[in-house]
Amino acid sequence: MMKMKTGTSPPVIGGGSSGNEWESRPGGMVVQRRTDQNSDVPRVIRVRVKYGSVYHEININSQSSFGELKKMLSDQVGLHHEDMKVLYKDKERDSKMFLDLCGVKDRSKLVVKEDPISQEKRLLAKRKNAAIEKASKSISDISFEVDRLAGQVSAFETVINKGGNVEEKSLVNLIEMLMNQLLRLDAIIADGDVKLKRKMQVQRVQKYVEALDVLKVKNSTKRVEVNKSVRHKPQTQTRCEQRDLLSFVEEEPRNSNASSSSGTPAVVTTKWETFDSAKAAETVKPVPPRFKWEFFD
């Protein structure tokens, strides 16, 4: 015979009138024998559940848990199964406990009450999950926008590295858009995996901003070099034009003074004079140039 700590009379296993009410489980624990032990088909029992002043009859498997009973009562009672607490013999039963092991039989009576503490915990967990989902969605939207801006960064980088020039305003606007994404990321409050995702996006945006700063410096240096080369060419051309204009202005008044000093009109005669070409060549002397001309290749 074996004594139980909770019972007033010792149960008998394997003999006597109470030999069919107890059984030994692996590990030496003695529990009440299941009523449907010899049957392979699960036994369906009918239990009466009281909620407030209303009774509900539920047909359920005797080997089911109290958690499954709560789910079946959820539609009839109008409560979430996590907001219920089930009492059997004036004792609250855990959702993981089984009906038959707690002594619930056919026509047993149970009481269901609303659990405000469990309801509050469930609502807090629901709000937390909703905040996590919202933060995750915001991060995914920002990631999509950063992907679009990253395409523009790569395009500007290709143009500048090949020697091209980009408007500085375009680079500045792109940097501002990336900084706005950083502000959106800073406004997101998250924990766990969502916080890690936000950190990765922040590092990604910072990398693109640094790359744009480098491209901005390269673009400005190339623009300065182009401006210097463009300014140098027109100066040489204007100097040549000014010199040609001065030479033309100086020659014109001299020709006009020579014609006015003669004063006498030209006389045309029919007598022609002959000149010796050799003597004329000797008398004509080369005149040195009055201006020094510069030649440009």
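Quick note: structure is the one above.
Remember, predicted model here, so these are calculated numbers, not experimental data. (Residues numbered from 1 in each chain as written. Predicted model: local features only at pLDDT ≥ 70, side-chain atom pairs only at ≥ 80, totals over all residues. Heavy atoms only, no water.)

Draft legend 1. Broad picture of the side chain of arginine 198. When you line up the elements, arginine 198 lands in helix H4 (residues 193-262). Within the buried set, arginine 198 has no salt-bridge partner at all; the shortest N-O distance to an opposite charge, 6.2 Å, is to aspartate 186. (Helix = DSSP H or I, 4+ residues; strand = E, 2+ residues; numbered from the N terminus. Buried < 20%, exposed > 50% of the residue type's maximum accessible area, 1.4 Å probe, protein only. Lys, Arg positive; Asp, Glu negative; His and termini not counted. Salt bridge = Lys/Arg side-chain N within 4 Å of Asp/Glu carboxyl O.)

Draft legend 2. Expanded view of the sheet that holds strand E5 (residues 84-87). Sheet architecture is open: five strands sit in the order E4-E3-E7-E5-E6, paired in mixed fashion. Each having just a single partner strand, strand E4 (54-61) and strand E6 (92-93) make up the two edges of the open sheet. Bridge count between E5 and strand E7 (residues 109-114): four bridges; the pairing is antiparallel. Residue pairing across strands places methionine 84 opposite glutamate 114, the latter belonging to E7. Across the sheet, helix H1 (residues 66-77) touches strand E3 (44-51), E4, E5, E6 and E7, and the angle it forms with E4 is around 135°. (Pairing = 2+ DSSP bridges. Contact = heavy atoms within 4.5 Å. Axes fitted to C-alpha atoms, helices over the stretch in contact; angles between N-to-C directions.)

Draft legend 3. Quick look at the environment of valine 205. Positionally, valine 205 belongs in helix H4. C-alpha separation for the pair valine 205 and methionine 179, spaced 26 residues apart in sequence, amounts to 7.9 Å. Sequence-distant contacts of valine 205, that is, excluding residues within four places in its chain, are made with Val146, Leu178, Leu182 and Leu185.

Draft legend 4. Spatial organisation of the packing of aromatic side chains. Summed over all chains, the structure comprises zero aromatic pairs. Across from the ring centre of tyrosine 55, 4.7 Å away, lies the NZ or CZ of arginine 48, which sits over that ring. Directly above the aromatic system of tyrosine 208 lies the positively charged group of lysine 207, at a separation of 5.5 Å from the ring centroid. (Phe/Tyr/Trp six-rings, centres within 6.5 Å; stacked < 30°, edge-to-face > 60°. Lys NZ or Arg CZ within 6 Å of the ring centre and 35° of its normal.)

Draft legend 5. Structural view of unusual backbone geometry. A positive phi is found at lysine 89, a non-glycine position, where the angle reads about 55°. Counting through the fold element by element, lysine 89 comes out in the loop between E5 and E6.

Draft legend 6. Representation of H1 within the structure. Every buried residue belonging to H1 is among Phe66, Gly67, Leu69, Lys70, Leu73, Ser74 and Val77, and all of these are buried. Taken around the axis of H1, the buried residues stretch over an arc of 155°, which confines them to a single face. Exposed side of H1, more than 90 degrees from the buried face: Lys71 and Asp75 are the residues found there. (Arc of directions from axis to C-beta.)

Draft legend 7. Representation of the environment of lysine 50 within the structure. For lysine 50, the position within the fold is in strand E3. We classify lysine 50 as partly exposed; its relative accessible area is 30%. Residues lysine 50 and valine 112, 62 residues apart in the sequence, show an inter-C-alpha distance of 6.0 Å.

Draft legend 8. Representation of the nonpolar core within the structure. Core analysis: the largest hydrophobic core is formed by 25 residues, its most contacted members being Leu174, Leu178, Leu185, Ile188, Val205, Tyr208 and Leu212. Listing elements by their share of this core, those giving two or more residues are helix H2 (116-161), helix H3 (168-186) and H4. Among the elements that take part in this core, H2 stands out by supplying nine residues, more than any other. By size, the runner-up hydrophobic cluster in this structure holds 18 residues, among which are Val49, Phe66, Leu69 and Val77. (Core = buried A, V, L, I, M, F, W, Y, C linked by side-chain atoms within 4.5 Å.)

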